[in-house]
Amino acid sequence: DEIQLLEDDLHDNGVVSMTIKVRVMPTCLYVLSRCWLRVDGVILRSRETRVMVDSLDMTSTTNDNNDDNNKKKKTRIYRDVTWRECRWRDLASRGLPTNVKAWYTEGGGVESGAWNALLQRLPDVDLHPI
């Protein structure tokens, strides 16, 4: 599922949006948080945080004395943070489209596979350790 937390058209000068995507499976949970900013003719910026919770114990166990059923699974949490951005004037030199429409998400903020692939080509911002 995807939840749109924020979307604004910046008075027709671009777009800013904040989305959360969640996927829950029997043994893990995956969350993608993305903040996307496009100021037309100025900058493109993406901030993504991915969280994966592995080995969730969401299955019911019986009350028999079987040690395998009563063992607790070790839960691991992984986090990945990615910052990408590029000034508009630098797009062409990086082989990225300078046409504003190429950076539009499809209607209603839905992100296509082609748009996601394009977003992955934006240069990473070096995150300084805290």
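Please read these numbers as outputs of a predicted model, since none were measured by experiment.

A. Expanded view of helix α2 (residues 113-120). Along α2, the positions that sit buried rather than exposed are Trp115, Asn116, Leu118 and Leu119. What you see down the axis of α2 is that its buried residues fit within an arc of 160 degrees, all on one side. Of the exposed residues in α2, those oriented more than 90 degrees away from the buried face are Gly113 and Ala114. Lining the buried residues of α2 we find β3 (28-39), β4 (43-54) and β5 (76-87).

B. Structural view of the environment of Ile3. In this fold, Ile3 is placed in strand β1 (residues 2-8). Assessed through its relative accessible area of 46%, Ile3 is described here as partly exposed. Once you skip the residues sitting within four places of it in the chain, Ile3 turns out to touch Met18, Thr19 and Ile20.

C. Summary view of the nonpolar core. In terms of nonpolar packing, the biggest core is built from 12 residues, these being Val15, Trp36, Leu44, Cys86, Trp88, Leu91, Leu96, Trp103, Trp115, Leu118, Leu119 and Leu122. Per-element accounting of this core gives the leading share, 3 residues, to α2. Those residues in contact with Leu122, other than ones at most four positions away along the chain, are Trp36, Leu44, Arg84, Cys86, Leu91, Leu96 and Trp103.

Each value, and the rule that gives it
Residues numbered from 1 in each chain as written. Predicted model: local features only at pLDDT ≥ 70, side-chain atom pairs only at ≥ 80, totals over all residues. Heavy atoms only, no water. Buried < 20%, exposed > 50% of the residue type's maximum accessible area, 1.4 Å probe, protein only. Helix = DSSP H or I, 4+ residues; strand = E, 2+ residues; numbered from the N terminus. Arc of directions from axis to C-beta. Contact = heavy atoms within 4.5 Å. Core = buried A, V, L, I, M, F, W, Y, C linked by side-chain atoms within 4.5 Å.

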